[in-house]
Amino acid sequence: MDDSTIIDLYWSRDQRAIEETAGKYGSFLFSLVWNILRSHSDTEECVNDTYLRTWNAIPPARPTAFRAWLGRIARNLSLDRWKQSRTQKRGGDAMEILLGELDDCVPSPHRVEKQLEDQEIASLVSGFLRRLPAESRTIFLRRYWYGQDLADIAAELRCGIGKVKSSLFRTRKALRAYLEQEGITL
């Protein structure tokens with residue numbers, strides 16, 4: 001079933017909308033959330049919460065890029081869950097390492113509020129990513145948006161882990177330089 005038909009089901013408040021969403025995007029959402037939380041029960045709960053949020057948001061929303069829209073909801077829910085569990089246990093884990101890798105090239109939230117709105121920074125990062133070669137952009141997004149392990153990225157792209165690490169290092173360095181050039185203080 002295509003996305004517009006699924007969205008029409010939400011608009012008509014037909015519960016098949018959730019079934020169709022789960023059938024078409026369930027594995028994508030599960031993978032996205034799993035890469036952040038690494039807990040089966042938390043992942044299932046966040047994916048189900050994604051369906052609930054979608055049900056509550058449509059209508060009035062009518063997303064044009066449904067897969068990306070669902071991904072954003074699932075990612076935000078899972079990051080909130082990760083932060084919540086993080087404050088409870090205060091121990092190091094893979095997501096902390098992953099987010100820490102971006103610390104040197106993404107401004108802190110307090111400085112961002114003073115210089116630009118979050119949306120403007122997101123626009124700058126999107127513009128930067130669009131200028132990257134396809135492979136570098138894919139590696140960057142798989143690591144920092146989807147939270148994939150370096151080995152998984154290398155396997156899917158049929159290259160070595162060293163190439164993935166090098167690409168990420170160069171892209172982070174270029175992103176930092178680009179944001180500084182655009183007047184973002186890091």
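Residues numbered from 1 in each chain as written. Predicted model: local features only at pLDDT ≥ 70, side-chain atom pairs only at ≥ 80, totals over all residues. Heavy atoms only, no water.

Enquirer: Which parts of the structure should I look at to understand the overall build of the protein?
Expert: A tally of helices and strands in the protein yields 10 helices and zero strands. Along the protein, helices and strands appear, N-terminal first, in the series α-α-α-α-α-α-α-α-α-α. Among the 186 residues that make up the protein, the fraction classed as buried is 38%. For the protein, the accessible surface area stands at approximately 10800 Å², while carbon and sulfur atoms represent 50% of it. (Helix = DSSP H or I, 4+ residues; strand = E, 2+ residues; numbered from the N terminus. Buried < 20%, exposed > 50% of the residue type's maximum accessible area, 1.4 Å probe, protein only. Areas by Shrake-Rupley, 256 points an atom, 1.4 Å probe, with all protein chains shown as cover.)

Enquirer: I tried to follow the side chain of arginine 75 on my own but got confused; where do I start?
Expert: Relative to the elements of secondary structure, arginine 75 occurs in helix α4 (residues 66-89). Of the side chains with opposite charge, aspartate 80 lies nearest to the buried arginine 75, which makes no salt bridge, at 9.6 Å. Apart from the residues lying within four places of it in its own chain, the contact partners of arginine 75 are Leu32, Ile36, Tyr144 and Trp145. (Lys, Arg positive; Asp, Glu negative; His and termini not counted. Salt bridge = Lys/Arg side-chain N within 4 Å of Asp/Glu carboxyl O. Contact = heavy atoms within 4.5 Å.)

Enquirer: What exactly am I supposed to notice about the side chain of serine 136 here?
Expert: Summarising the element assignment, serine 136 is placed in helix α8 (residues 134-144). Accessibility expressed as a relative area gives 18% for serine 136, which makes it buried.

Enquirer: When you look at the pattern of salt bridges in this model, what are you seeing that I'm missing?
Expert: Pairing of side chains with opposite charge becomes possible as their charged atoms draw close. All chains considered together, the criterion is met by nine salt bridges. The partner of arginine 16 in a salt bridge is aspartate 14, with the nearest N and O atoms 3.1 Å apart. Note on aspartate 14: relative accessible area 22%, which makes it partly exposed.

Enquirer: Can you walk me through the packing of helix α2 (residues 16-37) against helix α3 (residues 40-57) in this structure?
Expert: A pair of packed helices is captured by two measures, namely the crossing angle of their axes and the spacing between those axes. Between α2 and α3, the least distance of the axes is 9 Å, while the angle of their chain directions is 135°. Taken together, the axis directions place α2 and α3 in an arrangement best described as oblique. Once α2 is placed against α3, the crossing between them reads as right-handed. From α2, Ile18, Thr21, Ala22, Gly26, Leu29, Phe30, Val33, Trp34 and Leu37 reach across to α3, where they touch His40, Asp42, Thr43, Glu44, Cys46, Val47, Thr50, Tyr51 and Trp55. Grouping the amino acids of the contact of α2 with α3 by side-chain chemistry returns 11 nonpolar, five polar and two charged. (Axes fitted to C-alpha atoms, helices over the stretch in contact; angles between N-to-C directions. Parallel < 35°, antiparallel > 145°, perpendicular 65-115°, else oblique. Left-handed = near helix turned anticlockwise from the far one by under 90°. Nonpolar A, V, L, I, M, F, W, Y, C, P; charged D, E, K, R; others polar.)

Enquirer: For this particular structure, what's the right way to read unusual backbone geometry?
Expert: Peptide bonds are mostly trans, and most non-glycine residues show a negative phi. Cis geometry marks the peptide bond from isoleucine 58 to proline 59; its omega dihedral reads -15°. With respect to the helices and strands, proline 59 occurs in the loop between α3 and α4. At the junction of proline 59 and proline 60, the peptide bond is cis and its omega measures out at 15° in the coordinates. Assignment of secondary structure puts proline 60 in the loop between α3 and α4. The phi dihedral of arginine 38 is positive, around 55°, even though this residue is not glycine. Structurally, the position occupied by arginine 38 is in the loop between α2 and α3.

Enquirer: Where do I start with α8 in this structure?
Expert: Three- or four-residue spacings in an α-helix give side chains the same orientation, since the helix completes a turn every 3.6 residues. Within α8, the full set of buried residues consists of Ser136, Ile139, Phe140, Arg143 and Tyr144. Looking down the long axis of α8, one finds its buried residues gathered within 105° of arc, a one-sided arrangement. (Arc of directions from axis to C-beta.)

Enquirer: I would appreciate a short explanation of the packing of aromatic side chains in the present structure.
Expert: Within a pair of aromatic rings, the relevant descriptors are the distance that separates the centres and the angle that separates the planes. Applying the stated criterion across every chain yields a total of seven aromatic pairs. Ring geometry for tyrosine 25 against phenylalanine 66: centres 5.9 Å apart, planes inclined by 75°, an arrangement best described as edge-to-face. You can see tyrosine 25 sitting in helix α2 and its partner phenylalanine 66 sitting in helix α4, a full 41 residues away along the chain. Exposure remark for tyrosine 25: the relative accessible area of 6% places this residue in the buried category. Judged by its relative accessible area of 1%, phenylalanine 66 is buried. An angle of 35° between the planes, with centres 5.5 Å apart, marks the rings of phenylalanine 128 and tyrosine 178 as tilted. Within this pair, whereas phenylalanine 128 is found in helix α7 (residues 118-131), its partner tyrosine 178 is found in helix α10 (residues 161-181), the two being separated by 50 residues in sequence. (Phe/Tyr/Trp six-rings, centres within 6.5 Å; stacked < 30°, edge-to-face > 60°.)

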